[in-house]
Amino acid sequence: MLRPKMILCDLDGTLVDSVPDLAYCIDAMMVRLGLPARGERAVRNWVGNGVERLVRRALIGALDGEPDAALYQKACPIFLELYAANTCTRSALYPGVREGIGFIKAAGYPLGCITNKAARFTEPLLEQLELIDDFAIVVSGDTLPRKKPDPLPLLHAAEYFGVAPQESLMIGDSVSDVTAARAAGFKVICTSYGYNHGQDIRDSKPDAVIDSLAELKNLLAPQA
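Numbering of residues starts from 1 in each chain and follows the order in which that chain's sequence is written. Thresholds applied to this predicted model are a pLDDT of at least 70 for local features of residues and 80 or more for the giving and counting of side-chain atom pairs; totals over whole chains, interfaces and linings are not thresholded and use all residues. Hydrogens and water molecules were not included; the side-chain quantities draw on all heavy atoms of the structure.

**Student:** Would you mind going over the side chain of Asp17 with me for this structure?
**Tutor:** Counting from the N terminus, the helices are the DSSP runs of H or I reaching at least four residues and the strands are the DSSP runs of E reaching at least two. Structurally, Asp17 is set in strand E2 (residues 16-17). N or O atoms closer than or at 3.5 Å make up a polar contact, with two conditions inside protein: a donor-capable atom paired with an acceptor-capable one, and, for residues adjacent in sequence, both atoms drawn from side chains. A distance of 2.7 Å separates polar atoms of two side chains, one belonging to Asp17 and the other to Tyr195. Setting aside residues no more than four positions away along its own chain, Asp17 makes contact with Arg44, Ser91, Ala92, Tyr94 and Tyr195. In this description, contact between two residues means that some pair of their heavy atoms is separated by no more than 4.5 Å.

Okay, here's the thing in structure tokens:
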């Protein structure tokens, strides 16, 4: 049983399946640009490093590489406009999220949300899914100078709670979450679902892998 003094949760791919909205906006952007739609299956493998990186990947149709600079400058505002209007039209909580967060709160753990999504999208999404009040701190992708996989957002939250990194836990879904947690000195639990660019998250060797946040009750001891 883990006994952290503070828990941080990733958002996209951990709490929320946001790909349906992201894919809708990517495809609508591509159509406006006169380019072929990419489809939800492709977008699901490209999510996880912020919307700017997602737009770049969609333009070239691949995980790595860079699009034409002028094309990107034209595409990004289109996507941002579309996503502002579709942040939580099709997105939904994963099964077990309500139960998992309910357990975390009932067990007395301070809880924060750490995401690479920009604040202008993070806060409306949390509000519409009725999660905003569950988090004492929300660190978005543009809150600080650096985002995950850099450890800064995690260390910032640990300082906010006054908890040592080695007594902290990150819950995420991707290698970015594992890398940030290890660099910060956190323990890390990952979900088996979510967005990890098509790779099995077990290959990144988190401390535990769960199929649902409802399983946290089997891994976390209540606060003393």
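**Student:** How should I be thinking about the state of the cysteines in this particular structure?
**Tutor:** Among covalent bonds in proteins, the disulfide is the one between the sulfur atoms of two cysteines. Here, a disulfide means two cysteine sulfur atoms that sit within 2.5 Å of each other. Considering all chains together, one arrives at 0 disulfides under this definition. Cys9 provides the cysteine sulfur closest to Cys113, a residue in no disulfide bond, and the two sulfurs are 7.2 Å apart.

**Student:** So what exactly am I meant to see when it comes to the packing of aromatic side chains here?
**Tutor:** The way to describe two aromatic rings as a pair is by their centre distance and the angle between their planes. Side-chain rings of Phe, Tyr and Trp (the six-membered ring for Trp) are treated as a pair once their centres are within 6.5 Å; stacked means planes under 30 degrees apart, edge-to-face means over 60, and tilted covers the remaining angles. Per the stated rule, a full pass over the model turns up 4 aromatic pairs. Relative to Tyr193, the ring of Tyr94 has its centre 4.3 Å away and its plane inclined at 40 degrees; by these criteria the two rings are tilted. With Tyr94 in the loop between strand E3 (92-93) and helix H5 (97-106) and Tyr193 in the loop between strand E7 (187-191) and strand E8 (208-210), this residue pair connects regions lying 99 residues apart in the sequence. No difference in accessibility class separates Tyr94 from Tyr193, as the two residues are buried. Ring centres of Tyr160 and Phe161 lie 5.1 Å apart, and the angle between their planes is 80 degrees; this geometry places the pair in the edge-to-face category. Only protein chains enter the accessibility calculation, which uses a 1.4 Å probe; a residue is then buried when its area is under 20% of its type maximum, exposed when over 50%, and partly exposed in between.

**Student:** Explain the packing of helix H1 (residues 19-32) against helix H3 (residues 51-60) here, please?
**Tutor:** Axis angle and axis distance: for two packed helices, these are the angle between their axes and the distance between the axes, and together they describe the pair. At their nearest, the axes of H1 and H3 sit 11 Å apart, and the two run at 50 degrees to each other. Relative to H3, the element H1 is oriented oblique. For the element pair H1 and H3, the recorded crossing hand is right-handed. Contact with H1, carried on its side by Leu22, Ile26, Met29 and Met30, involves Val51, Leu54, Val55, Ala58 and Leu59 of H3 and no other residues of that element. Residue classes in the contact of H1 with H3 are distributed as 9 nonpolar, no polar and no charged. For helices, the fitted axis covers only the stretch in contact; all axes are lines through C-alpha atoms, and the angles between them, taken along N-to-C directions, range from 0 to 180 degrees. Under this scheme an angle from 65 to 115 degrees is roughly perpendicular, one under 35 degrees roughly parallel, and one over 145 degrees roughly antiparallel; angles in between are oblique. Note on convention: the crossing is left-handed when the near helix lies turned anticlockwise from the far helix by less than a right angle, right-handed when the turn is clockwise. Side-chain classes are defined by residue name, with Ala, Val, Leu, Ile, Met, Phe, Trp, Tyr, Cys and Pro counting as nonpolar, Asp, Glu, Lys and Arg as charged, and the others, Gly among them, as polar.

**Student:** Help me understand the packing of H3 against helix H4 (residues 69-85) in this model?
**Tutor:** Two elements in contact, H3 and H4, have axes separated by 10 Å at closest approach and are oriented at 120 degrees. It follows that H3 is oblique to H4 by the angle criterion. Between H3 and H4 lies a crossing of right-handed hand. Contacts from Val51, Glu52, Leu54, Val55, Arg56 and Leu59 in H3 reach Leu71, Tyr72, Ala75, Cys76, Phe79, Leu80 and Tyr83 in H4. For the contact of H3 with H4, a count of residues per class yields 11 nonpolar, no polar and 2 charged.

**Student:** I tried to follow the nonpolar core on my own but got confused; where do I start?
**Tutor:** Grouped burial of nonpolar side chains is what soluble globular proteins tend to show. By size, the foremost hydrophobic cluster in this structure holds 54 residues, and its most contacted members are Leu15, Ile26, Met29, Val43, Phe79 and Phe135. If you look at the next biggest cluster of nonpolar residues, it comprises 20 residues, including Val139, Ala157, Ala180 and Ile201. Put simply, a nonpolar core is a bunch of buried Ala, Val, Leu, Ile, Met, Phe, Trp, Tyr and Cys residues held in one set by side-chain atoms that sit within 4.5 Å of each other.

**Student:** Would you mind going over the pattern of salt bridges with me for this structure?
**Tutor:** Where charged atoms of side chains with opposite charge meet at close range, the side chains can pair. Basic side-chain nitrogens of Lys or Arg form a salt bridge, by our definition, when they fall within 4 Å of a carboxyl oxygen of Asp or Glu. Summed over all chains, the structure comprises 13 salt bridges. Across the pair Arg146 and Asp150 runs a salt bridge whose closest N-O atoms are separated by 3.0 Å. Two residues, Arg202 and Asp200, come together in a salt bridge whose shortest N-O distance is 3.3 Å. Here the residues in one salt-bridge network are Asp10, Lys148 and Asp177, joined through shared partners.

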